[in-house]
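So the chains spell out like this:
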Amino acid sequence: MAVICISRELAANGEETARELTKINGYRFIEREFIESRMLEKKIEPQDIRHFDEHKPGPLSLMPERRLRFLQILKEIILDEASKGNCIILGRGAGAILQGTPGLVSVRLIAPHDVRIHRIKLAHKCDERTAEHQIRQSDHDRRGFLKYFFDLNWQDGDIYDLTVNTASLNPAGTASLIDKYRELTVSSADEKLGIQRMRDRKIEAAVITEIIYTRKIRVQGFSAVMDKGRLILNGVTSSREEAREAEAAVRGIEGVEALDNQIAVLPHATAS
């Protein structure tokens, strides 16, 4: 039940490698179109997806609450799919969202600049200047996305388990290398623990979405933490009714069985 997250430079054969990997291990492929469709189901506006997906929002971009909601829904979707196990997730900050989870293999695919130029020219039948512009724009967007939303350096090798230079490897060869790495490094115990942790985090994310973004219950400093099968709610609200509303809201969420509502009621508190 492992999860493989692939981060990739433009023209480093990311999508092609992911598809070859599914042929080897039979894992589900979670790619951009699937995640976008899930986001639309959860009422994320198409323009928000265009602005934020693998992009750094501009200084005068959309309202901060829309950026925060986009990120929250993205986390919820990634965690939901990862908690099912045996999947390959391409981009979308999945490696950052799942960072530190047992059973996770985080991979970065790169290629030398001249190789990337050559591949883009062949694929798009364009000149070198156009290919160069596409690379600069893509690198800028992906670097900015990871830095803005996750405060990570996209090019920092320490945040990946494996970095592969695809210059001399075809997608099938790269996929075979990644799957061999998975076999050598991910134990069955890692997989079992990782799935449980991702299921807990999936519940936590679903609770935050329901309370803060769907029901808009005003709880300052709200947090939801799963601890040994029990969901613990924390935060401060100004009315007992809102604390009760929060508790009632989460009881209907799948996976919530035991609940400890520790939301404090302070009459003069205001939600941030």
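As a reminder, the structure under discussion sits directly above these lines.
Quick caveat: nothing in here was measured; it's all calculated off a predicted structure. (Residues numbered from 1 in each chain as written. Predicted model: local features only at pLDDT ≥ 70, side-chain atom pairs only at ≥ 80, totals over all residues. Heavy atoms only, no water.)

(A) Geometry of the overall build of the protein. Helix and strand content of the protein: 10 helices and eight strands. Against the globule reference of 19 Å for 272 residues, the protein gives a C-alpha radius of gyration of 21 Å, in line with a compact fold. Each of the three principal axes of the protein carries a C-alpha extent, and together these read 65 × 45 × 30 Å. Counting across all 272 residues of the protein, residues that qualify as buried make up 49%. Just so you have it, the protein exposes about 13,900 Å², and 49% of that area is on carbon and sulfur atoms. Computed over 41 positive and 41 negative side-chain charges, the separation of the two mean positions in the protein equals 1 Å. (Helix = DSSP H or I, 4+ residues; strand = E, 2+ residues; numbered from the N terminus. Rg over C-alpha atoms; globule rule 2.2 N^0.38 Å. Buried < 20%, exposed > 50% of the residue type's maximum accessible area, 1.4 Å probe, protein only. Areas by Shrake-Rupley, 256 points an atom, 1.4 Å probe, with all protein chains shown as cover. Lys, Arg positive; Asp, Glu negative; His and termini not counted. Charge placed at Lys NZ, Arg CZ, Asp CG, Glu CD.)

(B) Fine view of the environment of I212. Following the sequence through the fold, I212 ends up in helix α9 (residues 188–214). Separated by 11 residues in sequence, I212 and R201 have C-alpha atoms that sit 16 Å apart. Aside from chain neighbours lying at most four places away, what touches I212 is I217, V219 and F222. (Contact = heavy atoms within 4.5 Å.)

(C) Focus on the sheet that holds strand β8 (residues 258–265). If you walk across this open sheet you meet the three strands as β6-β7-β8, and the pairing is mixed. Looking along the sheet, the strands with just one partner apiece sit at the ends: β6 (220–227) and β8. Averaged over all pairs of adjacent strands, the angle between their axes in this sheet comes to 10°, without regard to strand direction. Relative to β8, strand β7 (residues 230–237) runs parallel, the two being bridged by eight bridges. Among the inter-strand pairings, T237 is bridged to a residue of β8, identified as V265. (Pairing = 2+ DSSP bridges. Axes fitted to C-alpha atoms, helices over the stretch in contact; angles between N-to-C directions.)

(D) Geometry of helix α1 (residues 14–25). Spanning 12 residues, α1 covers 17 Å between terminal C-alpha atoms, matching the ideal 16 Å at 1.5 Å per step. On its buried side, α1 packs onto β1 (3–8), β2 (28–30), β3 (87–90), β4 (104–110) and α8 (171–185). One or two positions beyond α1, positive phi appears at G26, with a value near 75°. (Expected span 1.5 Å × (residues − 1).)

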